[in-house]
Amino acid sequence: MPWNSCSNKLCLLCIVLLQLSGSNGKTNTAAQQNVLLLLADDAGFEMRSYLNKICQTPNLDKLAKESLLFNNAYTSVSSCSPSRSAILTGLPSHQNGMYGLHHGVHHFNSFDNIQSLPKILKRNNIRTGIIGKKHVGPSIVYPFDFAHTEENNSILQVGRNITYIKLLVREFLSQNKTQPFFLYVAFHDPHRCGHTHPEYGNFCEKFGNGDVGMGTIPDWNPVYYQWDQVKVPYYVQNTEAARRDIAAQYTTISRLDKGVGLILEELENAGFKNNTLVIYTSDNGIPFPNGRTNLYDPGLAEPMMMSSPIHGHRKNNVTYSLTSLLDIVPTILDWFNATYMDEDSNEVSFPQLTGKSLLPLLLEEPTENNTAIFASQTHHEVTMYYPMRAIRTKRHKLIHNINYRMPFPIDQDFYVSPTFQDLLNRTRNHQFLPWYKTLKKYYQRPEWELYDLKYDPEELNNIVSKPSAKSIFVELEKRLSDWLETTKDPWLCAPNSVLENIGRNSNPQCMPLNNLDD
């Protein structure tokens, strides 16, 4: 047989093999080289792509059209540092050790032996970079090769000055044109700043706007909103004070949106658009009542979009698959074909990742059978000890408020906000409050909350005591308990038992305390 005939058949065979390898989400490495993770700070669904027609976000909407848009994405914890640690380790905060905020007096850290994306990827010869809000530690657990964060810069500059962020991205991308990279850009927008930098407004919406004393961000033309035209979420009171607060949030989101556009432009100009997976999401819910620090949907539900450079992957499309931000680590490891643990490691045992790769979603919508996501929160600020655990399916949500005999705590940022002060003053003065709850109900929560999300999406009607819901409660409690056991939750037996080893060869068991009234 002529040599060139064999060669042609060999080429054909190679093409077939490549096509087959692409059928399960895997393709050639040329298109699967880099990852850009864009993380907003306390952002929600304030964009046209998520049906908010008031808040203008042309760059996020453009990214959405090039992405798979997630309609059921949830964080595993509704607090800044714990969420960031979970995003970077794939482990819930109770398992990685970041029980609350990292900075200042709060001083929470992940355990020294925890594996994280920067550690794993560095081991796989992938360059790592972080720009913006880090808010996790210790450094030995999160060792980025290129780092410009609040640890060596002003957080206002690396987290909100989008011109400076753009230049840092440009610097990172120009340093090495051949080595695969993971770049994590963590904006500080649209986080509140009334507690830390009140001179710039409640959401730092005045920072860099060109007014006297505010400085100028060259790439940003602020977008301002009339308070009576904003879209008030169902879980926020419909008052002028809250509306003005939302209008300020929208202005800050215009800076975030422009920043996203600048970074994507840098990615394209550097020649990396066609080999980089782009993921956009937020760490937790917006800083309004029922949002951040809560395990209700406004605190857990997140915007998310994933843009793949690979031909044939879903774009301008929507997935309704239940997704956890704990899935980000398995997704990125899958993209880089990297293993979670070092094969040469001396570790006898290591944590089990409970998340899944999202890459198959880029090909087709899966068939789901009562899938669930889980959430675990212990602290926000160090004084805010209110441990909660939750399981959510598409139909039901079960929340366990472990410290339920204490009032639900309020963080400092939210306390000084116009929205909370409005709630507080109207309640104190017995004024009309156009809100779907009362402050008393917001503070005082039962040990267990069970909601039928099909008929009660606002999570107002707790059905846990209904006989008809007993089997649902038992099933969800068992699934939640199994997940907590798998992830080695120290609070597994709280509040009415202690985890103890009974006998030398037995597994730890929850031993009763008899500390609660019937």
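Residues numbered from 1 in each chain as written. Predicted model: local features only at pLDDT ≥ 70, side-chain atom pairs only at ≥ 80, totals over all residues. Heavy atoms only, no water.

K.L.:
How should the side chain of K134 be read in this particular structure?
P.N.:
Within the fold, K134 resides in the loop between β4 (127-132) and β5 (146-149). Engagement of the side chain of K134 in a polar contact is seen with the backbone oxygen of Y142, the distance being 3.2 Å. Contacts of K134, omitting those with residues within four sequence positions, involve R84, S139, Y142, T149, E150 and E151. (Helix = DSSP H or I, 4+ residues; strand = E, 2+ residues; numbered from the N terminus. Polar contact = N/O pair within 3.5 Å; in protein donor to acceptor, adjacent residues only side chain to side chain. Contact = heavy atoms within 4.5 Å.)

K.L.:
In this structure, what is going on with the pattern of salt bridges? I would like to understand it.
P.N.:
Pairing between side chains of opposite charge can happen when the charged atoms of each approach one another. Counted by the stated rule, this structure contains 25 salt bridges. For D189, the salt bridge identified is with R160, shortest N-O distance 2.6 Å. One end of the pair, D189, is in the loop between β6 (181-186) and α8 (240-269); the other, R160, is in the loop between α6 (155-159) and α7 (162-175), and 29 residues separate them in sequence. A relative accessible area of 0% means that R160 is categorised as buried. Between D452 and R395 there is a salt bridge, with its nearest N and O atoms 2.7 Å apart. Here D452 is found in strand β15 (residues 448-452), whereas its partner R395 is found in the loop between β13 (388-392) and β14 (396-401), with 57 residues between them in sequence. Sharing partners across several salt bridges, the network here consists of D41, R84, K133 and D283. (Salt bridge = Lys/Arg side-chain N within 4 Å of Asp/Glu carboxyl O. Buried < 20%, exposed > 50% of the residue type's maximum accessible area, 1.4 Å probe, protein only.)

K.L.:
Sorry, what's going on with the state of the cysteines here?
P.N.:
Put plainly, two cysteines are in a disulfide when a covalent bond ties their sulfur atoms together. Within the structure shown, the criterion is met by two disulfides. There is a disulfide in this structure between C193 and C204, and the S-S distance comes to 2.2 Å. Judged by the torsion about the S-S bond (125°), the C193/C204 disulfide is right-handed. Here the residue C193 occupies a position in the loop between β6 and α8, and C204 occupies one in the loop between β6 and α8, the gap between them amounting to eleven residues. The pair formed by C193 and C204 is uniform in burial state, with each residue classed as buried. A disulfide bridge connects C493 with C510, and the sulfur atoms are separated by 2.0 Å. Residues C493 and C510 share a disulfide whose torsion about the S-S bond is about -75°; that sign makes it left-handed. Taken together, the residues span a long stretch of sequence, with C493 in the loop between α14 (470-486) and β16 (497-500) and C510 in strand β17 (residues 509-512) at a distance of 17 residues. Judged by its relative accessible area of 5%, C493 is buried. Here C510 falls in the partly exposed class, since its relative accessible area comes to 39%. Unpaired in this structure, C55 has its nearest cysteine sulfur neighbour in C204, at a distance of 17 Å. (Disulfide = S-S within 2.5 Å.)

K.L.:
Help me out: how do you make sense of the sheet that holds strand β9 (residues 304-307) in this one?
P.N.:
Paired through backbone hydrogen bonds, the strands of a sheet run either parallel or antiparallel to each other. Across the sheet, eight strands lie side by side as β5-β4-β6-β1-β7-β9-β2-β10; this open sheet has mixed pairing. The open sheet terminates on both sides in strands that have one partner only, identified here as β5 and β10 (317-319). Neighbouring strand axes in the sheet, compared pairwise and without regard to direction, differ in orientation by 15° on average. Where strand β2 (residues 68-70) and β9 come together, two bridges link them in antiparallel fashion. Paired with L69 across the strands is M305, a residue of β9. (Pairing = 2+ DSSP bridges. Axes fitted to C-alpha atoms, helices over the stretch in contact; angles between N-to-C directions.)

K.L.:
Whenever I open this one, the domain arrangement of the chain confuses me. Can you help?
P.N.:
Size of an interface, as often reported, equals the accessible area lost when the parts are brought together. Looking at the assigned domains, one finds that the chain contains domain 1 (34-341 + 354-373), domain 2 (387-487) and domain 3 (488-517). Taking only C-alpha atoms, the centre of domain 1 and the centre of domain 3 are 37 Å apart. (Domains from an automatic or database assignment.)

K.L.:
I would appreciate a short explanation of the environment of V141 in the present structure.
P.N.:
Note on placement: V141 falls in the loop between β4 and β5. A C-alpha to C-alpha distance of 33 Å links V141 and L363, two positions 222 residues apart in sequence.

K.L.:
Would you explain the pairing of β14 in this entry?
P.N.:
For a regular strand, side chains alternate in direction, first toward one face of the sheet and then toward the other. When you tally the buried positions in β14, you get six out of six residues, the bulk of the element. Where burial is concerned, the two faces of β14 agree: the one with H396, L398 and H400 and the one with K397, I399 and N401 are both buried. Note: β13 against β14, five bridges, orientation antiparallel. In the sheet register, M388 faces β14, and the bridge partner there is N401. In sequence, β13 turns back onto β14 through a hairpin of three residues. Bridging between β14 and β15 involves five bridges; their strand directions are antiparallel. Bridging from a neighbouring strand, H396 pairs with D452 of β15.

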